Structures are given as structure tokens and as C-alpha cells.
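If you want the building blocks of each chain, they are given just below.
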Amino acid sequence: MGNLCRKSKQTSNLVVKVEKDLRFEILSDISSGYTYTVFKARDLTSNEIVALKIVFFKPESKEQKELSVAWEVAMYSTSINPHCPHITPMLSHGVGTVQNDKILFISLKLGISLQTVLNKLGGMPESLIYFVAKDILLGLVELARQNLIHRDIKLSNCILLNNGASSLIDFNLAWEFDKTKRNDKTYNEDLHAQGSKGWRSKEDMNNDKTEEKKGYDVERADVCSFGKVLVCCLFAKKSERNQLSWGLDEKALTCSDTFRVMAETLIQENPDKRPTFEELLNFDWFQNSPFEVNREKYVTYLKNAYETLS
Ligand SMILES: Nc1ncnc2c1ncn2[C@@H]1O[C@H](COP(=O)(O)OP(=O)(O)O)[C@@H](O)[C@H]1O
Ligand SMILES: [Mg+2]
């Protein structure tokens, strides 16, 4: 990582130079990961405040990182329908410099991650989870229609935008899959074991351990991760490293039976019994929801989240 990452508390006033007519002023850190750092930044051309995802690269890791950014950009701009409102819009991307460090960047519409909101505000009532879950699910249905799997579904890859919509980010690990080979014992070998540990399905984790990869239904592994996201929204899982049981029998969890049954269906161990995203969208909890009338409440919650967190 470049100097900027090590000095990440002193990022204000730095300017990312990209092209003649495109500059970003870095305002603050949002998140530092293994390969990327995400900043809140001002696009000095449009004056818009954006999320700027930057990769600093050392010569020895250059190729791999370039490849991974190129992949994510391709996923955002071509593979994923750019008109799908449930995928966070990518605003620009390219190569630039920060204090002589060469960088690759992607700028995205700014939101707040669901992980950040839950950490700060605690678990959400089911009536509010509905608004986040439905939007994220619509994004996942769109991906599935294009034969794409996300492979890293978790709270920190779900973003709440201030217009009331929620959307997916982080297509670093997204992949195209061949539906006709679902359950093919050898096909899925390359598609396994990519996402974050606590969020992955049991069959995905087991696949790591066996010498001979058995393969599994990759879309239904994403369905399991989405189920875990729903459960986590209820009790605001603090850290992705926490060990926890995914059972819904904790006394503190108050939710409807419909929610409970749906969540259990999604996270169950047998992938064949999990619905696809398209089928899930037809579940009663999404289609005949009593929560739709609460939209104003959700907008107030979101406003509060933005005020508390900015
Ligand atoms: N558009 C955005 N708005 C707000 N926060 C964002 C946005 N994009 C990324 N982030 C924050 O940065 C973190 C890392 O970004 P992500 O794209 O998931 O990269 P990584 O591949 O390192 O996980 C996210 O978990 C989120 O907290
Ligand atoms: Mg991420």
C-alpha cells in the first residue's frame, strides 16, 4: 500500500490527479481493506461528493491488482445492467496519482454501508429491514437474470443511499456462471471459496476442506449469504469475525413467523431446498408485505442514520 494508507488520518487536502479535467479532493477515510481503500471525496469537476475506491499498487503486485480493478469496472459498467437502480452507480474509473503514488480508482455514488448503520444504530425492526432487503434482492434478481453471482454478499457490501434506495457494491468477486451446469460436480471448482468466512454457506466452506472439489450450486450459496444478512439486520452483528449460531431461536429476536420461516429457509444447510432469488421475490414477506405503508418511517430512519454518521 502507498504512503497515503499509512498516513490515512491526514488525508484531507490531498488531491487525486486523474486526467486533465478530472480531479478528486479526498475528504476523509471510509474504509481500508486488504486491497482497496475507500475515501469520501469531492469530484472537483461535478462538485459531487462520492465514494472513491482506490488501489495503490507496488510493482510486484501490479498485475494482479490491475486485473482485479479492471474486472470490477467491467462488472459495473458492462455485465451489470447500468440501468438497474439496485446496483450502486459507478460514476468514473481510471488511473491517476496521489502524491506520486500511482493509483487505480473507481468512483461510486456515495452511501452508507449497512454494517456501519447497524454498528451505530443497533438492530433494525423487521418493518424497516423490509425496505433494505427488497432493494438488495431486486439487485440480486437482476444479477441472476444475467447469470452473475456476487460471491461476497454481506452487510458491508450493501449500501443505503440517501434517496431511500439500497444497493449492492463490491463486484470484485462477481462471476458469470453457466446455469445448465448447476450442481455439476466439476464445473464449480473455480467458483468456490471466495467470499468472507462468516457469510459463506456450509457447502461452500466444506468445499474448501476437501481435496477433490465436489462443486455446488453457486447461486444458492449466495442465497444463503443473503439470508444471513437478513438475520444480522435484526440483531446488528457487530463484527464479521464474531462466531455465532445462525439459528433464529435467540429470545431477544422479535420477528414475525413469516420472517423467521423465510430466513430459516434461506440459511438451511441443504442448498437444494433454498429458493433462487427469483423465487424468493415471490415469497409472501416480499409480495404481501404489511410494511409498505411504513416507507415514510424508513426515510426518517435513514435521515437519522445519515445525520448520526456524518
Ligand atoms: N459507494 C459507497 N458508499 C459508501 N461507502 C462505501 C461505498 N463503497 C464502498 N464503501 C465502503 O468501503 C468498504 C469497502 O468497499 P468495497 O467496495 O466493499 O471494497 P473491498 O473489496 O475492499 O471490500 C465498504 O464495505 C463500505 O463500507
Ligand atoms: Mg467489500
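Residues numbered from 1 in each chain as written. Chains lettered and ligands numbered in written order. Predicted model: local features only at pLDDT ≥ 70, side-chain atom pairs only at ≥ 80, totals over all residues.

1. With respect to the overall build of the chain
Inference 1: What the chain contains, in helices and strands, is 10 helices and 11 strands.
Inference 2: Counting the 310 residues in the chain, one finds 38% classified as buried. (Helix = DSSP H or I, 4+ residues; strand = E, 2+ residues; numbered from the N terminus. Buried ≥ 20, exposed ≤ 12 C-beta atoms within 10 Å, placed from the backbone.)

2. Here's the deal with the confidence of the model for the chain
Low pLDDT marks regions whose predicted coordinates should not be analysed in detail.
Inference 1: When pLDDT is averaged along the chain, the result is 83; 82% of the residues meet or exceed 70.
Inference 2: Looking over the chain, one finds the lowest element-wise mean pLDDT in helix H1 (residues 3-6), namely 43, and the highest in helix H8 (residues 277-281), namely 98.
Inference 3: Predicted confidence for residues 1-9 stays below pLDDT 50, and this span has 18 contacts to residues more than four positions away or in other chains.
Inference 4: Predicted confidence for residues 238-246 stays below pLDDT 50, and this span has 10 contacts to residues more than four positions away or in other chains. (pLDDT = per-residue confidence, 0-100. Contact = placed C-beta atoms within 7 Å.)

3. Digging into the site of ligand 1
Inference 1: Taken together, 21 residues surround ligand 1, and among them Ser31, Gly33, Ala51, Ser156 and Asp170 come closest.
Inference 2: Elements represented by at least two residues in the shell around ligand 1 include exactly strand E2 (22-32), strand E4 (49-56), strand E6 (101-109) and strand E7 (111-113).
Inference 3: It is E7 that contributes the most residues to the shell around ligand 1, 3 residues altogether.
Inference 4: Its residues assigned to classes, the shell around ligand 1 comprises 9 nonpolar, 9 polar and 3 charged. (Near = placed C-beta within 6 Å. Nonpolar A, V, L, I, M, F, W, Y, C, P; charged D, E, K, R; others polar.)

4. Comments concerning the packing of helix H4 (residues 126-145) against helix H6 (residues 218-235)
Inference 1: Two elements in contact, H4 and H6, have axes whose closest approach is 11 Å; the angle formed by their N-to-C orientations is 170°. Taken together, the axes of H4 and H6 are roughly antiparallel relative to one another. When H4 is examined against H6, the residues Ile129, Val132, Ala133, Leu140 and Ala144 are found in contact with a partner set consisting of Glu219, Asp222, Phe226, Leu230, Cys233 and Leu234.
Inference 2: A breakdown of the residues in the contact of H4 with H6 according to their chemical character gives 9 nonpolar, no polar and 2 charged. (Axes fitted to C-alpha atoms, helices over the stretch in contact; angles between N-to-C directions. Parallel < 35°, antiparallel > 145°, perpendicular 65-115°, else oblique.)

5. A word on helix H10 (residues 295-309)
Inference 1: Between its first and last C-alpha atoms H10 spans 21 Å; for 15 residues at 1.5 Å apiece the expected length is 21 Å, and the two agree.
Inference 2: Among all positions in H10, only Tyr298, Tyr301, Leu302 and Ala305 are buried. Buried residues in H10, looked at end-on, bunch into an arc of 100°, giving them a common side. H10 presents Glu296, Thr300, Lys303, Asn304 and Glu307 as exposed residues on the side facing more than 90 degrees away from its buried surface. (Expected span 1.5 Å × (residues − 1). Arc of directions from axis to C-beta.)

6. So, the sheet that holds E7
Inference 1: In spatial order, the strands read E7-E9-E10; together these 3 strands make up an open sheet with antiparallel pairing. What marks the edges here is a single partner per strand, and that holds for E7 and strand E10 (166-168). Each neighbouring strand pair of the sheet contributes to a mean axis angle of 35°, computed without reference to strand direction.
Inference 2: Along the sheet, H4 makes contact with strand E9 (158-161) and E10, crossing E10 at roughly 35°. (Pairing = 2+ DSSP bridges.)

7. Some remarks on H6
Inference 1: The terminal C-alpha atoms of H6 lie 27 Å apart, and with 18 residues this matches the ideal 26 Å at 1.5 Å per residue to within 8%.
Inference 2: Across the 18 residues that make up H6, a large majority, 17, are buried.
Inference 3: Positive phi shows up at Ala236, right after H6, with a value of about 50°.

8. Points about the nonpolar core
Inference 1: Counting residues in each nonpolar core, the largest one holds 77 residues, and the members touching the most others are Leu52, Val132 and Cys233.
Inference 2: Take this core: its biggest share by element is 11 residues, from H6.
Inference 3: Built from parts of two domains, this core gets at least three residues from each of domain 1 (4-109) and domain 2 (112-309).
Inference 4: The contacts of Leu52, once residues within four sequence positions are left out, are Val16, Phe24, Val38, Phe39, Ala41, Phe105 and Ser107. (Core = buried A, V, L, I, M, F, W, Y, C linked by C-beta atoms within 7 Å. Domains from an automatic or database assignment.)

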